[in-house]
Amino acid sequence: MDHFNYRDGALYAEDVPLSRIAEAVGTPVYVYSSATLERHYRVFAEALSGLDAHIYYAMKANSNLAVLNTLAALGAGVDVVSEGELRRALAAGIPASKIVFSGVGKTRGELDFALRAGIHEINVESINELHLLNDVAGALGVTADIAIRVNPDVDAKTHEKISTGKKENKFGIDIDRAPEVFALAARLPNLNPITVACHIGSQLVDLAPYRAAFLKLAETASALRAAGIDIKRIDLGGGLGVPYKGEEPPSPAVYGDLVREVFGGLDYQLMFEPGRLIAANAGILLARVIFMKNGDERRFMILDAAMNDLIRPALYEGHHDLVPIVERPAGALEAPTDVVGPVCESGDTFAKGRALPDIADGELVAFKSAGAYGAVMASSYNSRLLPAEVLVRGDEFAVVRRRQTYEELIGADSLAPWQNGAVGQAAE
Ligand code: LLP
């Protein structure tokens, strides 16, 4: 459930008409609903009630400081995957003790920064990383609490680009090697391996892969304990899917029941890293129709948003519902429409042959479910400005990331020393 609904024929974010935001901030603009973010977080937390469960929001889904702050106020920790995300988390006021650091390729500099910040745990994904982290911790005179991410070789049955738990994926260490790798970590003087971690993919719509992975994790953790490794926590990753297009992913409650079934009664602290589930349906991308273009064969809707603003359709064939801001009467005629942006490649297509009502040049439209992996994946391809972001709360809204300026876009470039003279002036 989200808080983007029609009222008297106009689309609102909570109590704010989206047309008002477009007027004030321009388009394209991402709009997030505080109430929806909060609701999703609470529903997930409640689904895990009775367990020793700790939620680390995967901030790669949406790392805006205002979004982080909203979730932090509910007690969320965060899962970060780069020094940049770690710095954002700290800037949003999330205590270091509620930050975990995942990722397959952390640099020495990033590990050093994380240890100095005193974060909760680092999720290690390879033997080389174990040695590097041991080194960095030794140099700082600290012992690092770590998780080791195992790869359970389970097919998450999701898009291949967001599947992470199969042997052929780059993530984690082979689960069969867990005993030897944990033993190695335990021998290294500056590491304290206490967590088994796993994340098999994103946008999972089926519980079966979770069940398979969880059973393997429980078995591995108890084998490690039997071998004398003091496993205290299990990190179950994120990945629960959301309905983009009528999918029926397992509800948080059903997922929670599975967690209880497998881990209830075992004495572990459980960690979760949901991203999409919290943020996806809490955001929309608001855009304006530049032109409707009726070709002989097809009807094109050309928007002022493009693949650089929302890349999911181009990258993963991702579906985002598109709705006009002015509601159409039920039963209004619809025609197949290709929804595209102005970027100069055919891949800049949001939808092909989508059944849409007649829409006029200059009208506003909204892509639904764009709160996760939307703004964070935006680029300035075609020298387009990074979009603005707005947070709504009740009848208030605020710009929480201003639109990039042309000075910022161009100003970081410079000429090479041998190119004396401004562009456009012949060198003497
Ligand atoms: N934990 C780890 C270690 C992850 O790699 C991810 C996502 C998550 C948690 C959060 O997964 P979620 O709950 O959001 O499914 N850009 C893609 C999604 C990439 C997901 C990468 N890892 C998309 O737009 O579909």
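Reading guide: rules and limits
- Residues numbered from 1 in each chain as written.
- Predicted model: local features only at pLDDT ≥ 70, side-chain atom pairs only at ≥ 80, totals over all residues.
- Heavy atoms only, no water.
- Domains from an automatic or database assignment.
- Contact = heavy atoms within 4.5 Å.
- Buried area = accessible area lost by both parts, 1.4 Å probe.
- Salt bridge = Lys/Arg side-chain N within 4 Å of Asp/Glu carboxyl O.
- Core = buried A, V, L, I, M, F, W, Y, C linked by side-chain atoms within 4.5 Å.
- Buried < 20%, exposed > 50% of the residue type's maximum accessible area, 1.4 Å probe, protein only.
- Helix = DSSP H or I, 4+ residues; strand = E, 2+ residues; numbered from the N terminus.
- Pairing = 2+ DSSP bridges.
- Near = heavy atom within 4 Å.
- Polar contact = N/O pair within 3.5 Å; in protein donor to acceptor, adjacent residues only side chain to side chain.
- Areas by Shrake-Rupley, 256 points an atom, 1.4 Å probe, with all protein chains shown as cover.
- Nonpolar A, V, L, I, M, F, W, Y, C, P; charged D, E, K, R; others polar.
- Right-handed = clockwise from strand over helix to strand, strands pointing away.

**Quick look at the domain arrangement of the protein**
Thinking step 1. Here the protein is described as being made up of domain 1 (4-21 + 281-411) and domain 2 (32-279).
Thinking step 2. Placing a centre on the C-alpha atoms of domain 1 and another on those of domain 2 gives a separation of 32 Å.
Thinking step 3. Taken together, the contacts link 26 residues of domain 1 with 27 residues of domain 2.
Thinking step 4. Overall, the association of domain 1 and domain 2 removes approximately 2,400 Å² of surface from exposure, summing both partners, and the carbon and sulfur fraction of that is 51%.
Thinking step 5. Put simply, domain 1 and domain 2 have 1 salt bridge between them.

**Some remarks on the nonpolar core**
Thinking step 1. Grouped together as the largest cluster of nonpolar side chains are 103 residues, with contacts concentrated most on Tyr57, Leu130 and Phe263.
Thinking step 2. The dominant element in this core, judged by the number of residues it contributes, is helix α8 (residues 208-226), at 7 residues.
Thinking step 3. In this structure, this core is formed jointly by two domains, domain 1 (4-21 + 281-411) and domain 2 (32-279), each of which donates at least three residues.
Thinking step 4. Beyond its immediate stretch of four places on either side in the chain, phenylalanine 263 contacts Phe214, Leu217, Ala218, Ile234, Leu236 and Leu270.

**Focus on the sheet that holds strand β3 (residues 16-17)**
Thinking step 1. With respect to topology, 3 strands assemble into an open sheet ordered β1-β2-β3, the strand pairing being antiparallel. Strands with a single pairing partner mark the edges of an open sheet, and in this sheet they are β1 (4-7) and β3.

**Here's the deal with the site of the ligand**
Thinking step 1. Neighbouring the ligand are 18 residues; Ser202, Glu273, Arg276, Arg312 and Tyr373 lie closest to it.
Thinking step 2. In this structure, an oxygen atom belonging to the ligand sits 2.4 Å away from a side-chain N or O atom of serine 202.
Thinking step 3. Here a nitrogen atom of the ligand sits 2.6 Å away from a polar atom, N or O, in the side chain of glutamate 273.
Thinking step 4. Taking 590 Å² as the accessible area of the ligand by itself, protein coverage stands at 91%.
Thinking step 5. Among the residues making up the shell around the ligand, the classes are represented as 6 nonpolar, 6 polar and 6 charged.
Thinking step 6. Mapped onto the domain boundaries, the shell around the ligand takes at least three residues apiece from domain 1 (4-21 + 281-411) and domain 2 (32-279).

**Quick look at the pairing of strand β11 (residues 191-197)**
Thinking step 1. Burial runs high along β11: 6 of the 7 residues are buried.
Thinking step 2. Two elements, strand β9 (residues 144-151) and β11, share 6 bridges in a ladder whose sense is parallel. Looking at β11, one finds that alanine 147 is bridged to threonine 195.
Thinking step 3. Note that β11 and strand β12 (residues 233-235) share 3 bridges and pair parallel. Counted as the bridge partner of valine 196 is isoleucine 234 from β12.
Thinking step 4. Handedness of the crossover joining β11 and β12 through α8 is recorded here as right-handed.

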